[in-house]
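Breakdown of the fold
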Amino acid sequence: GNMVEWCLPQDIDLEGVEFKSMASGSHKIQSDFIYFRKGLCFGLACFANMPVESELERGARMKSVGILSPSYTLLYRYMHFLENQVRHQLEMPGHYSHLEAFYDDKKGVLPDSKSTPTSQQPVHWLPSIHRYMYPEMKITHPAGCMSQFIKFFGEQILVLWKFALLRKRILIFSPPPVGVVCYRVYCCCCLANVSLPGLGGTVPESKPFFYVNVADIEMLETEVSYVACTTEKIFEEKRDLYDVYVDNQNVKTHHEHLQPLLKINSADKEKYRRLNDQRQMLMYSQEVGEDCSSCEEDLFILFFMEQNNRIFQTLMEVSASQDKTLTADHARGMGLDPQGDRSFLMDLLEVYGIDVMLVIDNPCCT
């Protein structure tokens, strides 16, 4: 099995990290990178696989070099260093001087989990809706990551958007390489941002867990909301661990009451058309050859944040009104389909504890 060969500081608890930093099935590929969560920290590891003429190593030497941080938003800065170091470790095993120097230069003091309750730790999850800070959202990725996400899922991103906004447990399956799938986890979490103050302090945060494997099952059993990815097919059978299972472009749920959310309705098609129109306008407005990946990321995040703000602004205004009645006109004003999004709206009101009365009847005829 996998083993931790070297680490600094030497007294840190790294139980299970040897399986988080090397995705199951990685022996079939040459290189990869992987985001994961370990306790209160996030990790980024770079993996590489090199053929060797050694019976002891069964013809292949595989290593991962990774770092842990309380926030995932700055880990990308060290991707290049980790890629170089894993190659260095494959070619010259046991030479750790570069890693020691890196640690001495970058080391920080992690919060002591024994002395402080977990809920008060300054951990940077995806910022929750009631303390949203836009710049904290940044995570660097291959140019066009958001664009790839939209092309990969197409209109299905509107289905993922609803599940993300409802804080469902979303598990994305894919065979290795897993790096690009970790970015899908991030993009999924971006769908659920709301920047309105004072909204639902009791709502669970949307946590990006990135890569998970069978060693994480016990931890996942206690989570009420997360987005994660895995390369292990066994997860599909463990239905109590997730609400939504994504296999390539196929989004599915085993919960009967969530089935209606899988259908793309006319309002979803309209949103997808608007998103693509805005992307086209952005591309036309860029000078030829200019890198616009960061602009596209901003557009993507703001598109969904504005959509979410509009929904919650309307719901809060209705809940503050005298009759607290939410009508079909309200639904259309929020960019939703009064009939097609009825069950989504009902779930939304329940999850966020918003006190309004829905008076959109299911039509008996069309």
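Keep in mind the model is a prediction, meaning the values are calculated, not measured. (Residues numbered from 1 in each chain as written. Predicted model: local features only at pLDDT ≥ 70, side-chain atom pairs only at ≥ 80, totals over all residues. Heavy atoms only, no water.)

**Some remarks on the overall build of the protein**
The following threshold applies: For helices the rule is a DSSP run of H or I covering at least 4 residues; for strands it is a run of E covering at least 2, with both sets numbered from the N terminus onward. With a 1.4 Å probe rolled over the protein chains alone, any residue whose accessible area is under 20% of its type maximum counts as buried; one over 50% counts as exposed, and the rest are partly exposed. Contact criterion: two residues are considered in contact whenever any of their non-hydrogen atoms come within 4.5 Å of each other. Each accessible area value is a Shrake-Rupley result obtained with a 1.4 Å probe; residue values ignore everything except the protein chains displayed when judging cover.
A count of helical and extended segments in the protein gives 11 helices and 10 strands. With 366 residues in all, the protein has 52% of them scored as buried. A fraction of 66% describes how many contacts in the protein between residues 6 or more apart in sequence connect residues 24 or more apart. On the protein, roughly 18100 Å² of surface is accessible, and the fraction owed to carbon and sulfur atoms is 52%.

**Considering the side chain of arginine 37**
Definition in use: A residue counts as positive if it is Lys or Arg and as negative if it is Asp or Glu; His and the chain ends are not included. Put simply, a salt bridge is a Lys or Arg side-chain nitrogen that is within 4 Å of an Asp or Glu carboxyl oxygen. Contacts described as polar in this section are N or O atom pairs within 3.5 Å, which, within protein, must combine one atom able to donate a hydrogen with one able to accept it, while residues neighboring in sequence count only if both atoms come from side chains.
Take arginine 37: it is sitting in strand β1 (residues 31–38). There is no salt bridge for the buried arginine 37, and the closest opposite charge comes from glutamate 223, which lies 4.1 Å off by N-O distance. A polar side-chain atom of arginine 37 sits 3.0 Å from the main-chain carbonyl oxygen of glycine 39.

**Quick look at the confidence of the model for the protein**
Rule in force here: pLDDT is defined as a per-residue confidence score from the predictor, taking values between 0 and 100.
The predicted model of the protein has a mean per-residue pLDDT of 85, with 84% of residues at 70 or higher. Here residues 113–138 is modelled with pLDDT under 50, and outside its nearest four sequence neighbours on either side it reaches 60 contacts, counting other chains as well.

**Describing the pattern of salt bridges**
The tally for this structure, following the rule as stated, stands at 16 salt bridges. Where glutamate 270 meets arginine 273, a salt bridge forms, and the shortest distance between an N and an O atom there is 2.7 Å. With glutamate 270 and arginine 273 both in helix α8 (residues 266–285), this residue pair falls three residues apart, about one helical turn. Through salt bridges that share partners, Lys233, Glu236, Asp247 and Lys252 make up one connected network.

**Regarding the packing of aromatic side chains**
Heads up, the condition is: Here a Phe, Tyr or Trp ring, Trp counted by its six-membered ring, pairs with any other such ring whose centre lies within 6.5 Å, and the pair is stacked when the planes are under 30 degrees apart, edge-to-face when over 60, and tilted otherwise. We count a charge as sitting over a ring when the NZ of a lysine or the CZ of an arginine lies within 6 Å of the ring centre and within 35 degrees of the ring normal.
In this structure the tally under the stated criterion is 20 aromatic pairs. Arranged with centres 4.3 Å apart and planes meeting at 15 degrees, the rings of phenylalanine 81 and phenylalanine 102 form a pair that is stacked. Of the two residues, phenylalanine 81 is situated in helix α2 (residues 79–91) and phenylalanine 102 in helix α3 (residues 97–106); the sequence distance between them amounts to 21 residues. Classification of phenylalanine 102 as buried rests on a relative accessible area of 14%. Joined through ring pairs, the aromatic side chains of Phe149, Phe152, Phe153, Trp161, Phe300, Phe303, Phe304 and Phe344 make up one cluster. The cationic tip of arginine 184 hangs over the ring face of phenylalanine 152; the distance from NZ or CZ to the ring centre is 3.8 Å.

**Notes on the environment of valine 224**
The topology assignment puts valine 224 in the loop between α7 (217–220) and β6 (226–230). We classify valine 224 as exposed; its relative accessible area is 58%. Counting along the chain gives 19 residues from valine 224 to glutamate 205, while the straight-line C-alpha distance between them is 9.1 Å. Setting aside residues up to four positions removed in sequence, valine 224 forms contacts with Arg167, Arg169 and Pro204.

**A look at the environment of proline 175**
By the secondary structure assignment, proline 175 is in the loop between β4 (169–173) and α6 (179–190). Exposure remark for proline 175: the relative accessible area of 44% places this residue in the partly exposed category. Once the C-alpha coordinates of proline 175 and threonine 230 are considered, the two residues, 55 residues apart in sequence, prove to be 7.9 Å apart.

**Observations regarding the packing of helix α5 (residues 156–165) against α8**
Using the following cut-off: The convention used is that axes are lines fitted to C-alpha atoms, helices contributing only their stretch in contact, and that angles between N-to-C directions extend from 0 to 180 degrees. The cut-offs work like this: below 35 degrees is roughly parallel, past 145 is roughly antiparallel, 65 to 115 is roughly perpendicular, and the gaps in between are oblique. As a working rule, the residues Ala, Val, Leu, Ile, Met, Phe, Trp, Tyr, Cys and Pro are called nonpolar, Asp, Glu, Lys and Arg charged, and the rest polar, with Gly in that last group.
Where α5 meets α8, the axes come as close as 9 Å, and the angle between the chain directions of the two elements is 110 degrees. One finds that α5 runs roughly perpendicular with respect to α8. Listed contacts from α8 to Ile157, Leu158, Trp161 and Lys162 of α5 are Asp268, Lys271, Tyr272 and Leu275. When grouped by side-chain class, the residues that make up the contact of α5 with α8 number five nonpolar, no polar and three charged.

**Focus on the nonpolar core**
Convention followed: We call a set of buried residues a nonpolar core when its members are Ala, Val, Leu, Ile, Met, Phe, Trp, Tyr or Cys and they connect through side-chain atoms within 4.5 Å of each other. Where a domain begins and ends is set by an automatic assignment or by a domain database.
In this structure, Phe312 and Leu315 are the most contacted members of the largest nonpolar core, which totals 91 residues. Counting contributing residues, this core receives three or more from each of domain 1 (17–105) and domain 2 (139–314). Look past the residues within four positions of phenylalanine 312 in its chain and what remains in contact with it is Leu165, Val194, Leu196, Leu199, Leu348, Tyr352 and Ile354. In this structure, Phe173, Ile217, Tyr226 and Tyr245 belong to the second largest nonpolar core, which totals 12 residues.

**Overview of the pairing of β4**
Put simply, the test is: Think of it this way: DSSP has to see at least two bridges between two strands before they count as a pair.
Among the five residues that make up β4, five are buried, leaving the element largely enclosed by the rest of the structure. Note: β4 against β6, five bridges, orientation parallel. Paired with isoleucine 172 across the two strands is cysteine 229, which belongs to β6.

**Things to note about the side chain of lysine 271**
Mapped onto the secondary structure, lysine 271 falls in helix α8. When neighbours within four sequence positions are excluded, lysine 271 is seen to be in contact with Leu158, Trp161, Phe303, Gln307, Gly335 and Leu336.

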